[in-house]
Amino acid sequence: RQRGEIARIGLALVGAHAGEATLVLNNVIELAVYLSKRFPEAFVRHNAQNCKPCSGRFQRQFPSAVTCAAAVSRATAKWNEDYFRFQPGGIHVLYNGVNCDLYSPAAAPPPGPLRINFVGRTGRDKGPDILLKAVLSLAKRRAGFALQILGSNHFGHNQVDVFQSYLQSHTA
């Protein structure tokens, strides 16, 4: 399934004439390796969000596949440097966040209820159940907001299991 998804992304980029583009990827080692081979002129930047092992083939190919490697914390950068055998300091730390000097809240909130969003893979390890429990607790004390969970528990498809059923039953 992952191989098919990677091939579809490659075809979409061919259609978009992105052969020399800057490609920014998050936590997709195999895609970084594939795209660097498919588009050798592209600038491939990879952002590691966590410590994600992969097969030995991709582990060996990844350091030379990316033009620039970054991680969201020093600990994540260190793990990835060790695991993928980058030179010490070879993965830049780029903290997630917002420059408050450039971005500030809107003068007035948008119309309608406050919407709390979860966007991403809905596996147990990503914690959507923790957000759901917090929102259910908040709902006992406050009204006027909505929770929206967007994503699936697998690469591009959702496989209903006990955990996904729990999420669906509490958000419908």
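Residues numbered from 1 in each chain as written. Predicted model: local features only at pLDDT ≥ 70, side-chain atom pairs only at ≥ 80, totals over all residues. Heavy atoms only, no water.

Peer 1: Help me out: how do you make sense of the packing of helix 1 (residues 2–15) against helix 2 (residues 29–38) in this one?
Peer 2: The packing of two helices is summarised by the inter-axis angle and the distance between the axes. Contact geometry of helix 1 with helix 2 gives a least axis separation of 10 Å together with a crossing angle of 40 degrees. By the criterion of interaxial angle, the relationship of helix 1 to helix 2 is oblique. Of the two possible hands of crossing, helix 1 and helix 2 adopt the one that is right-handed. The residues of helix 2 that touch helix 1, namely those facing Gln2, Ile6, Ala7, Ile9, Gly10, Leu11, Leu13 and Val14, are Glu30, Leu31, Tyr34, Leu35 and Arg38. Here the residues of the contact of helix 1 with helix 2 are counted per class, giving nine nonpolar, two polar and two charged. (Axes fitted to C-alpha atoms, helices over the stretch in contact; angles between N-to-C directions. Helix = DSSP H or I, 4+ residues; strand = E, 2+ residues; numbered from the N terminus. Parallel < 35°, antiparallel > 145°, perpendicular 65-115°, else oblique. Left-handed = near helix turned anticlockwise from the far one by under 90°. Contact = heavy atoms within 4.5 Å. Nonpolar A, V, L, I, M, F, W, Y, C, P; charged D, E, K, R; others polar.)

Peer 1: What's the story with the packing of aromatic side chains in this structure? I'm lost.
Peer 2: How two aromatic rings sit relative to each other is set out by the distance from centre to centre and by the angle between their planes. Per the stated rule, a full pass over the model turns up four aromatic pairs. Ring geometry for Phe62 and Phe86: centres 5.9 Å apart, planes at 70 degrees, overall edge-to-face. Of this pair, Phe62 sits in helix 3 (residues 56–65) while Phe86 sits in the loop between helix 4 (74–84) and strand 4 (92–93), and the two are 24 residues apart along the sequence. Taking relative accessible area as the criterion, Phe62 reaches 2% and is therefore assigned buried. Here the aromatic rings of Trp79 and Tyr83 are separated by 4.7 Å at their centres, their planes lie at 10 degrees, and the arrangement is stacked. Of this pair, Trp79 and Tyr83 are both found in helix 4, four residues apart, which corresponds to roughly one turn of the helix. According to the relative accessible area criterion, Trp79 is partly exposed, its value standing at 26%. Three or more aromatic residues joined by ring pairs form one cluster here, namely Phe62, Trp79, Tyr83, Phe84 and Phe86. (Phe/Tyr/Trp six-rings, centres within 6.5 Å; stacked < 30°, edge-to-face > 60°. Buried < 20%, exposed > 50% of the residue type's maximum accessible area, 1.4 Å probe, protein only.)

Peer 1: Can you walk me through the pairing of strand 1 (residues 22–26) in this structure?
Peer 2: Remember that side chains alternate between the two faces of the sheet whenever the strand is regular. Here strand 1 shows one buried face, formed by Leu23 and Leu25, and one open face, formed by Thr22, Val24 and Asn26. Both strand 1 and strand 2 (residues 43–48) contribute to a ladder of five bridges, which runs parallel. Along strand 2, the bridge assignment pairs Val24 with Arg45. For the crossover that starts at strand 1, traverses helix 2 and ends in the parallel strand 2, the hand is right-handed. (Pairing = 2+ DSSP bridges. Right-handed = clockwise from strand over helix to strand, strands pointing away.)

Peer 1: I'm lost on the pattern of salt bridges in this one. Help?
Peer 2: Side-chain pairing between opposite charges can occur once the charged atoms of the two side chains come close. Within the structure shown, the criterion is met by four salt bridges. Asp82 is paired through a salt bridge with Lys78; the nearest N and O atoms lie 2.8 Å apart. Of this pair, Asp82 and Lys78 both sit in helix 4, four residues apart, which is roughly one turn of the helix. On the accessibility criterion, Lys78 (42% relative accessible area) is partly exposed. (Salt bridge = Lys/Arg side-chain N within 4 Å of Asp/Glu carboxyl O.)

Peer 1: Would you take a moment to explain a nonpolar patch on the surface for this structure?
Peer 2: A contiguous nonpolar surface patch, about 380 Å² in accessible area, is contributed by Val98, Leu102 and Tyr103. By secondary structure assignment, the location of Tyr103 is in the loop between strand 4 and strand 5 (114–119). (Patch = residues over 30% accessible without salt bridge, like charges linked within 9 Å, V, L, I, M, F, W, Y side chains within 5 Å. Areas by Shrake-Rupley, 256 points an atom, 1.4 Å probe, with all protein chains shown as cover.)

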